[in-house]
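Structure at a glance
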Amino acid sequence: MVCQSSVETLGCGVVCRPCWQRIARLDGILCDLCGYAFASGNLPAEKALCAACRRGYFHFDFARSYGRLEDPLQAIIHQFKYGSHPSLARPLARLIHTLWVQVYRDRVPDMIVPVPLHKARQRKRGFNQAWLLARHLSRWTQVPLADRVLVRHRSTAVQAGLSRGQRRRNIQGAFRVADREAVRKRAVLLVDDVFTTGATLNECARMLGKQGAHRVDVLTIARVAAWSVPSV
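Here is what the cut-offs are and how they apply
- Residues numbered from 1 in each chain as written.
- Predicted model: local features only at pLDDT ≥ 70, side-chain atom pairs only at ≥ 80, totals over all residues.
- Heavy atoms only, no water.
- Phe/Tyr/Trp six-rings, centres within 6.5 Å; stacked < 30°, edge-to-face > 60°.
- Helix = DSSP H or I, 4+ residues; strand = E, 2+ residues; numbered from the N terminus.
- Lys NZ or Arg CZ within 6 Å of the ring centre and 35° of its normal.
- Buried < 20%, exposed > 50% of the residue type's maximum accessible area, 1.4 Å probe, protein only.
- Pairing = 2+ DSSP bridges.
- Right-handed = clockwise from strand over helix to strand, strands pointing away.
- Contact = heavy atoms within 4.5 Å.
- Polar contact = N/O pair within 3.5 Å; in protein donor to acceptor, adjacent residues only side chain to side chain.

**Points about the packing of aromatic side chains**
Going through the model one piece at a time under the given rule, you end up with seven aromatic pairs. Arranged with centres 5.8 Å apart and planes meeting at 70°, the rings of F58 and F195 form a pair that is edge-to-face. Taken as a pair, F58 in the loop between helix 2 (51–54) and strand 1 (62–68) and F195 in strand 5 (residues 187–195) lie far apart in primary sequence, 137 residues in all. Ring centres of W100 and Y104 lie 4.6 Å apart, and the angle between their planes is 50°; on these two criteria the pair is classed as tilted. One aromatic cluster is present, formed by Y57, F58, F60 and F195 through successive ring pairs. Lying over the aromatic face of W140, R94 brings its terminal NZ or CZ to 3.6 Å of the ring centre.

**A look at the pairing of strand 6 (residues 215–223)**
The element strand 6 is extensively covered by neighbouring structure, given that eight of its nine residues are classed as buried. As paired strands, strand 1 and strand 6 are joined by six bridges and run parallel to one another. Along strand 6, the bridge assignment pairs F62 with D217. Of the strand pairs in this sheet, strand 5 and strand 6 are connected by eight bridges, and their pairing is parallel. Each residue of the ladder has a partner; that of L189, found in strand 6, is D217. With helix 9 (residues 199–210) bridging strand 5 and the parallel strand 6, this β-α-β connection has right-handed handedness.

**Overview of the environment of D110**
If you trace the backbone, D110 turns up in the loop between helix 4 (89–103) and strand 2 (111–114). Spatially, the C-alpha atoms of D110 and V183 are 8.8 Å apart, while their sequence positions differ by 73 residues. Beyond its immediate chain neighbours, meaning those up to four positions away, D110 contacts V143, P144, R186 and A187. A distance of 2.7 Å separates the side chain of D110 from the backbone nitrogen of A187, its partner in a polar contact.

Structure below.
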């Protein structure tokens, strides 16, 4: 849980160190494409692809998340997004950077693109959590932050509480690529906080690919343990 009594520091934000230390990495057998963690009794017979990836559902090329969307990580992300604690961006971005070091040993993307918020929702929240995460990652990796090539031009209903199909329909057509030449034949890394059903990330990847992106990868802090819809 988030420790409300802790003193905010640069290293830990508003979360005590023991809570950070309790965050566990996703382990076991992961889907080769989307990073879904297979349950021990539901392992793939051959190549590790989940049902969604076997059906060719996703438009991105690769996705990984640091941990499962469960406490304390879920509570920390909830505080980050809805508790007006943007200081949590830096320590949470460190988790994504850990993935970066593992994933990009041999190849590096041309740009880092945060999943955009609609301007109305960003005004209400006060910040875009994906932009804050991507900004830190860009600084640490020296890969350019391309925060204007993808825009959210249509406001949508909040995704939390919607089924997978509802999420997909809700988000369809919500994004557009503002600078086609910037992404054409480029390797793009999409950054966001949570991979739930993947509907939002998938729509972003679809639009980037449609405008000529050579490759689209995804890194997030957390993802659901199963194809269900959690509270964030």
